[in-house]
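Coordinates in review
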Amino acid sequence: MHSRTDVLILGAGLAGLRAAWAAAEACPGLEVTLATLLPGPSGSSFANRNGNLGMQLPLGERERERFVREAVWLASPGMVDHALVQILANEAEPRFRELEALGLKFRYGADGRLLRRNGCFSPFPRAAVFDDLAHAHGLFQDKAVGLGVRFRSGLEVLGLEIESGRVAGARLRPRPGSEADGIGDPILIRAKAVVMALGGPAPLAERHTAGPGNPGLSWQMLQDAGARMENTDYLQYFWMSLPELRFRSPAEIAGPDAVAMTPDGREVAPSAKVLALADARRTHCPAAWGPVEYEGEEVHDYGMDQWLQAQANERGVVRVKIGKGDWEEAALFAHAGNGGALINAHGAVLAAGTDQPLPGLFACGECATGMHGANRLGGAMVTATQVYGKRAGEAAARLAMNV
């Protein structure tokens, strides 16, 4: 079965919803279709276990300059495009103002001032936090529907359709029991422009914190379509308690008051080398890819993670105790990827081995890279979904108008 649309958005997280909004607003006469597996909130955007999300929001030239320096420094040993980082810094505030006007529940103090907090990897309080993710999803969806975006739920994306070297749509399959069930065989939705916003690969891990509706296959689909893939070695991992699934900072469970139990039943304490990393680790939860110094020797922040993992049993679970507390269990969970398809300033996916766009294809959110490297500032992905979701949606609409 075949159908046609002008712009096809794949994914209904923050990035996909913003791209759909932008495409429909940029060219009101176009047919914009958003395909999603679930009818409700999907993806990691709306699955945060704390019920809120932070958005990096550098205000003023000084903060923007500092944001860029930090983001570029954190990118090592991955790659980063300085121009994409600068765009992220420059356009964070206008995208925030749009979300504020949309009605998202950002936190304000008693004095009426916007509250901003530190994001992971940064000592500077720049991240604006919004609560009630279900409410936020409803606002995004209502905005897109009001602009005429057609939502097609219950569809699992199988891959991108390539015709004459151009991305010309996507192959999808109805999910059993969904509103699309009963259509029959897999369907092909042809499109003049496609925006990939299906999230990252975390769901492929045995333990992960990714949200529903993300099969974890977007990177493979992009690679199969001929995209230039970068930073694909760099996934973020969090330690979480079992079975409660609470975030646990290595600064605590591998800190000065902690002991771990080895698989053979011995109690061991962190070494001085591991403890030397605890203060730096208090500023962020995920393991970092990057060097720090200890007594003139280059070590890594993830030395704490390596020490914990060395005590793990065959199930990958570590038993730890802090001070006089009870023994608890913790394990590493894949959280998010910083890699994906390298995009340009307009969200167009670059073709493998080149600096030229792959015709017909755009990407945003966790399946796109260039504005992050090996590590990213906490809250920068939410900012990226809005900045590059808007850019990708607008560029896709312009392309569809001229095809």
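A few points on the structure. (Residues numbered from 1 in each chain as written. Predicted model: local features only at pLDDT ≥ 70, side-chain atom pairs only at ≥ 80, totals over all residues. Heavy atoms only, no water.)

**Section: the overall build of the chain**
Counting its regular elements, the chain contains 10 helices and 23 strands. For the chain, the C-alpha radius of gyration of 22 Å lies close to 22 Å, the compact-globule estimate for 403 residues. Taken along its principal axes, the extent of the C-alpha atoms in the chain is 65 × 50 × 45 Å. Residues classed as buried in the chain amount to 56% of the 403 residues present. A sequence separation of at least 24 residues applies to 71% of the contacts in the chain between residues at least 6 apart. Entry remark: accessible area of the chain is about 16700 Å², with carbon and sulfur atoms responsible for 49%. With 40 positive and 45 negative side-chain charges, the chain shows a spacing of 4 Å between the two charge centroids. (Helix = DSSP H or I, 4+ residues; strand = E, 2+ residues; numbered from the N terminus. Rg over C-alpha atoms; globule rule 2.2 N^0.38 Å. Buried < 20%, exposed > 50% of the residue type's maximum accessible area, 1.4 Å probe, protein only. Contact = heavy atoms within 4.5 Å. Areas by Shrake-Rupley, 256 points an atom, 1.4 Å probe, with all protein chains shown as cover. Lys, Arg positive; Asp, Glu negative; His and termini not counted. Charge placed at Lys NZ, Arg CZ, Asp CG, Glu CD.)

**Concerning the side chain of Asn338**
Structurally, Asn338 is set in the loop between β19 (328–337) and β20 (340–342). For Asn338, the side chain forms a polar contact with the main-chain oxygen of Ala374, separated by 2.8 Å. For Asn338, the side chain forms a polar contact with the side chain of Arg376, separated by 2.5 Å. Not counting residues within four places of it along the chain, the set of residues in contact with Asn338 comprises Asn231, Tyr234, Gln236, Thr369, His372, Gly373, Ala374, Asn375 and Arg376. (Polar contact = N/O pair within 3.5 Å; in protein donor to acceptor, adjacent residues only side chain to side chain.)

**A word on the packing of aromatic side chains**
A full pass over the atoms with the stated rule returns six aromatic pairs. Seen from their ring centres, Phe96 and Phe106 are 4.7 Å apart, and the 75 degrees between their planes marks the pair as edge-to-face. Note that Phe96 is positioned in helix α3 (residues 82–102) and Phe106 in strand β4 (residues 105–106), a separation of 10 residues in sequence. For the pair Phe96 and Phe106, a shared accessibility class is recorded, and that class is buried. Aromatic pair Phe106 and Phe130: ring centres 5.4 Å apart, planes at 70 degrees, arrangement edge-to-face. With Phe106 in strand β4 and Phe130 in strand β6 (residues 125–131), this residue pair connects regions lying 24 residues apart in the sequence. Accessibility assignment for this pair places Phe106 and Phe130 in one class, buried. The structure contains a cluster of three or more aromatic residues connected by ring pairs, namely Phe96, Phe106 and Phe130. Between Arg18 and the ring centre of Trp21, over which it is positioned, the NZ or CZ distance is 3.7 Å. (Phe/Tyr/Trp six-rings, centres within 6.5 Å; stacked < 30°, edge-to-face > 60°. Lys NZ or Arg CZ within 6 Å of the ring centre and 35° of its normal.)

**Topic: the sheet that holds strand β12 (residues 235–242)**
Pairing is antiparallel across the open sheet formed by six strands, whose spatial order is β13-β12-β19-β18-β14-β15. Across the chains shown, the open sheet's two edge strands, defined by having one partner strand only, are β13 (247–248) and β15 (267–268). In the packing of helix α9 (residues 303–310) onto the sheet, contacts are made with β12, β14 (258–261), β15, β18 (317–322) and β19, and the angle to β12 comes to roughly 50 degrees. (Pairing = 2+ DSSP bridges. Axes fitted to C-alpha atoms, helices over the stretch in contact; angles between N-to-C directions.)

**What to know about the environment of Gly290**
Note that Gly290 resides in the loop between α8 (278–281) and β16 (291–294). A sequence separation of 215 residues divides Gly290 from Ala75, and the C-alpha atoms of the two residues are 8.6 Å apart.

**Digging into the sheet that holds β20**
What holds strands together in a sheet is hydrogen bonding between their backbones, with the strands either parallel or antiparallel. Strand order in the open sheet made by the three strands is β11-β20-β23, with mixed pairing throughout. The sheet is open, and its two edges are formed by β11 (229–230) and β23 (368–369), each paired on a single side. Both β20 and β23 contribute to a ladder of two bridges, which runs parallel. Note that in β23 the partner of Leu342 across the bridge is Thr369.

**Re helix α4 (residues 133–146)**
For α4, built from 14 residues, the straight-helix expectation of 20 Å at 1.5 Å per residue is met to within 8% by its first-to-last C-alpha distance of 20 Å. Of all the positions in α4, only Leu133, Ala136, His137, Leu139, Phe140 and Ala144 are classed as buried. An end-on view of α4 places all buried positions within 160 degrees of arc, on one side of the element. Exposed residues lying more than 90 degrees from the buried face of α4 are Ala134, Asp142 and Gly146. On its buried side, α4 packs onto α1 (14–26), β3 (52–56), α3, β6, β7 (150–153) and α10 (380–402). Among the residues trailing α4, Gly148 stands out with phi positive, at a value near 100 degrees. (Expected span 1.5 Å × (residues − 1). Arc of directions from axis to C-beta.)

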